[in-house]
Amino acid sequence: KQTGYTALDQGFVNTASTRSEITYIDGDRGILRYRGYAIEDVAANSTYLEVAWLLIYGELPSKSQLEEFDEKIRRHTLLHEDLRRFFDALPHSAHPMSVLSSAVSALSTYYEDSHDVRDPEQVEISTIRLLAKLPVIAAYAHKKSLGQALLYPDNSMSFVDNFLKLNFGNMAEEYQVNPVLSKALDRLLILHEDHEQNASTSTVRLVGSTEANIFASISAGINALYGPLHGGANEAVLKMLGEIQESGDGVQKFVDRVKRKEDGVRLMGFGHRVYKSFDPRARLVKESADEVLADLGISDPLLDIARELEEVALADDYFIERKLYPNVDFYTGVIYKAMGFPPRMFTVLFAIGRLPGWIANWREMNEDPKTKIGRPQQLYTGPAARDWPQR
Ligand code: CMC
């Protein structure tokens, strides 16, 4: 009920926009659970597709349910041939995140029935299409940026292997599908699958609350994710590490600039609206960084800079007082780079990871009879009523 009283909560620091049964976070204790399961257990024991099922349908799938889900997704990976040509119309210099959101928006034009958001069959088939096609679109965005041929998906391969092949299938041997990388990528995708009402998920819900279809809603979510304060942070971290390396100034000098807030510079990959002791995902990602680089026999000076930055920041009063800790984006870029992805693809990988969470939230909102169109209030601070001037 409207009370006539409007509270100002800039950035939604204290206001819950919805009830949800999907993901639980306790930011003070560094706890993250998907449908009640601890993220550590999920990451150790599951796969991207199994977690997608869990998030979307609420329970872990049986073996046969998972097989059927996997099979359906394999059958929907192909993009309409015209949509492949859509990529030709975009400039090579386009950022893959812009390509991704545009192509997902364009999917609406191929699946007009998806506008019937009250039809469960439509929602179901759109869910499968999104999960199947987003990785293909993502790989095409990558290939497009390199000026390389777009490959067709190979549906005999697993979800993650197929994605890696689409990206690296026609590249040098060191980029070919490797089980260590497949496993590591699957784990990273799991860690990104949902994170309750973050900016992109809230965007998906807000757009969806107008009864816009799921493709339109998720395209909007991808655009929200693009910003460097959200998913774009993983690309920004690598840029920051590279700049520290090139400057030759060392980590402490950079941290001092951050503390002086010189030119608004922030320690990218640090800080979180919700986590105030540690981000449990960051710990798991750091483990993966060590494992993947060791396995590939790569020693990346950027990883050393990241480790040193973390150590210096965690011992510094500026970061301690403000409860700033490494977040999920701090170490992912170093791993994606070792896998062969260019920095401009990092946020695209986050988007593939987050897709099941966006879908689960869109569906939960759509199925809730209490859902109302999202329509925040404002506190007006402009001029009082005035007379139109005589001119
Ligand atoms: N480096 C330096 N100072 C920071 C940082 C940082 N990364 N993050 C916050 N602060 C300072 C900020 O300047 C402010 O200081 P003061 O009280 O002196 O004004 C104080 O900490 C509180 O910051 P805030 O901006 O009010 O915090 P917020 O909850 O609104 O912002 C955040 C959260 C994630 C946007 C922010 O911490 C940030 O910009 N981090 C860097 C970008 C980043 O890594 N984003 C990824 C987030 S995790 C994955 C995801 O959600 O996509």
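Residues numbered from 1 in each chain as written. Predicted model: local features only at pLDDT ≥ 70, side-chain atom pairs only at ≥ 80, totals over all residues.

A few words on the sheet that holds strand E2 (residues 31-34). Adjacent strands of a sheet pair through backbone hydrogen bonds, lying either parallel or antiparallel. Read from one edge of the open sheet, three strands run E1-E2-E3, paired in antiparallel fashion. Each having just a single partner strand, strand E1 (23-26) and strand E3 (37-38) make up the two edges of the open sheet. (Pairing = 2+ DSSP bridges. Helix = DSSP H or I, 4+ residues; strand = E, 2+ residues; numbered from the N terminus.)

Glancing now at the UniProt feature "active site" (unreviewed entry) in the protein chain. Mapped onto this numbering, the UniProt entry annotates "active site" (unreviewed entry) at His272 and Asp329. These residues run over 58 residues, yet every pair of their C-alpha atoms falls within 10.6 Å of each other. Assignment of secondary structure puts His272 in the loop between helix H12 (251-259) and helix H13 (280-296). With respect to the helices, strands and loops of the structure, Asp329 is situated in helix H16 (residues 329-339). Sequence-distant contacts of Asp329, defined by excluding residues within four places in its chain, comprise Ala233, Asn234, Val237 and Gly269. (UniProt positions renumbered as here; feature names shortened; annotations may be inferred. Contact = placed C-beta atoms within 7 Å.)

Another aspect to go through is the pairing of E2. In E2, alternate side chains face the same way, and those of Leu32 and Tyr34 are buried while those of Ile31 and Arg33 on the opposite face are not. Of the strand pairs in this sheet, E1 and E2 are connected by four bridges, and their pairing is antiparallel. Looking at the pairing, Thr23 lines up with Tyr34 of E2. The antiparallel pairing of E1 with E2 creates a hairpin that spans four residues between the two strands, and Gly30 there sits at a positive phi of about 65°. Bridge count between E2 and E3: two bridges; the pairing is antiparallel. In the strand pairing of E3, Arg33 is matched with Ala38. Here E2 folds back onto E3 in antiparallel fashion, the turn holding two residues, of which Arg35 has a positive phi close to 50°. (Buried ≥ 20, exposed ≤ 12 C-beta atoms within 10 Å, placed from the backbone.)

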